[in-house]
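For reference, the chains in residue letters:
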Amino acid sequence: MSVFTLAHLSDIHLGPMPRARRRDLMSKRMLGYVNWHQGRKLVHQRDVLEVLTRDIIERNPDHIAVTGDLVNIGLPGEFEMAAEWLRELGPPDRVTAIPGNHDAYVRLHPEQGTVRWLPYMQSNEAGEKLSPTPASGFPFLRRFGDIVLVALSSAIPTLPFIAAGRVGSAQRALLRPLLEELGRQGLFRVVLIHHPPLPGQVGWRRGLRDAAALTGILKESGTELVLHGHNHEQTEYELETISGTAVVVGVPSASEAVSGKIPAARYNEYRIKKLKNGWECEMVGRIVGEDALTVRECERKLLRAP
Ligand SMILES: [Fe+2]
Ligand SMILES: [Fe+2]
């Protein structure tokens, strides 16, 4: 049986920040702009991201998932830069993106916002056949043989200093029967979401408002793998669901600079294989080395075996 490889990266926080006009810095953006220039630009570095991106492209995975926070304060110029970065990463049929809280920093005219990433943020033909995407755009499905990506949006505009998210009742209502049907068809379900989905994984200020409701659906309808970002750290949790143990994995930021001796920027590669008696899924972690020039394997772990 062939192996499907899925690379997962998140929290790109693409720099450098484009020059901002005064009128673009109204509201929450002003705080974000100051915040970026006072420190975040030192944490999130474009050359670190480039090293990581090159490694992914060279390893040529079957698919790449980007789980949000592509930009910082939602300036129109940032969305365009991020669209360009996505095109470098790969064509839309090889790359799936979902938004994070930074991508919904302020309410934007859609034409200046994430609409520029739309080719990367919509179902593929096989996914559309499984279930048509609702008018709101989420959840959308991408199917590759026996693997299906279920893409959610937890991005909502919030008040300053709040980085919370919400899936919302409309997406949740669709998600329950969707996961059940995909499970009945024997597909390996990979749920993509920006915010950590389990209750208590993040504090109130930065957390997913409907984490408990979402987790209930995942448990009762079943899923195999949940991939998220937002916390900028590697975390793994097991979740008992009706169809077995799902693994919930958070990945560090893809652009976070090496600080001291601790390498930060990382992505994970999942090697998913259908065996006669179930699924096997191995995770391979790859980090930017201390030299900030190379990427090396830092972890290899069997997450699931039949
Ligand atoms: Fe982030
Ligand atoms: Fe985030």
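Rules of the game
- Residues numbered from 1 in each chain as written.
- Chains lettered and ligands numbered in written order.
- Predicted model: local features only at pLDDT ≥ 70, side-chain atom pairs only at ≥ 80, totals over all residues.
- Heavy atoms only, no water.
- Helix = DSSP H or I, 4+ residues; strand = E, 2+ residues; numbered from the N terminus.
- Expected span 1.5 Å × (residues − 1).
- Buried < 20%, exposed > 50% of the residue type's maximum accessible area, 1.4 Å probe, protein only.
- Donors = N, O, S within 2.8 Å, 3.2 Å for Na, K, Ca; no water.
- Tetrahedral: all angles 85-135°; square planar, octahedral: opposite > 155°, others 65-115°.
- Core = buried A, V, L, I, M, F, W, Y, C linked by side-chain atoms within 4.5 Å.
- Contact = heavy atoms within 4.5 Å.
- Phe/Tyr/Trp six-rings, centres within 6.5 Å; stacked < 30°, edge-to-face > 60°.
- Lys NZ or Arg CZ within 6 Å of the ring centre and 35° of its normal.

Look at helix α3 (residues 76–89): 20 Å from first C-alpha to last across 14 residues, which is about the 20 Å you get at 1.5 Å a residue. For α3, the complete set of buried residues consists of P76, E78, F79, A82, A83, W85, L86 and L89.

Below, the discussion takes up the coordination of the iron ion (ligand 2). Geometry reference: four tetrahedral donors at a metal, ideal angle 109.5 degrees. Six octahedral donors, ideal angles 90 or 180 degrees. Coordination of the iron ion (ligand 2) by the protein comes from D69 (OD), N101 (OD1), H194 (NE2) and H230 (ND1), over a distance range of 2.1 to 2.3 Å. Every donor counted, the 4 donor atoms about the iron ion (ligand 2) form angles of 86 to 163 degrees at the centre, which fits irregular coordination. Of note, the iron ion (ligand 2) draws all its donor residues from one chain, in the sequence arrangement D-x31-N-x92-H-x35-H. Between the iron ion (ligand 2) and the iron ion (ligand 1) the interatomic distance amounts to 3.4 Å, and D69 serves as a bridging ligand to the pair. In this pair, D69 sits in the loop between β2 (63–67) and α3 while N101 sits in the loop between β3 (95–98) and α4 (125–130), placing the two residues 32 residues apart along the sequence. Of the residues examined, D69 reaches a relative accessible area of 1% and is grouped as buried. By relative accessible area, which is 8% here, N101 ends up buried.

A few words on the coordination of the iron ion (ligand 1). For the iron ion (ligand 1), the full set of protein donor atoms is D11 (OD), H13 (NE2), D69 (OD) and H232 (NE2), at a range of 2.0 to 2.3 Å. Bound by 4 donor atoms, the iron ion (ligand 1) shows angles of 85 to 170 degrees at the metal and therefore irregular coordination geometry. Donor residues binding the iron ion (ligand 1) come from one chain and are separated in sequence as D-x1-H-x55-D-x162-H.

What follows covers the nonpolar core. Counting residues in each nonpolar core, the largest one holds 53 residues, and the members touching the most others are L9, V66, W85, L225 and Y270. When residues in this core are grouped by element, the largest group, 6 residues, is from α3. Once residues lying within four places of it in the same chain are set aside, the contact partners of L225 are F188, R189, V190, V191, V247, V249, Y270, C281 and L303. In terms of nonpolar packing, the next biggest core, distinct from the first, is built from 22 residues, V150, L175, L187 and L208 among them.

With that settled, consider the packing of aromatic side chains. For the structure shown, the criterion picks out 4 aromatic pairs. For the ring pair F4 and F144, a centre distance of 5.6 Å and an interplane angle of 25 degrees mean the geometry is stacked. Taken together, the positions of F4 in strand β1 (residues 3–9) and F144 in strand β4 (residues 140–144) put the pair 140 residues apart, joining distant regions of the chain. We note that F4, like F144, is buried. The interplanar angle of 45 degrees and the centroid separation of 5.3 Å between the aromatic rings of F79 and W117 together place this pair among those described as tilted. With a gap of 38 residues between them, F79 in helix α3 and W117 in the loop between β3 and α4 connect regions that are remote in the sequence. Like W117, F79 is buried. The ring of W204 carries R209 above its face, with NZ or CZ at 3.8 Å from the centroid.

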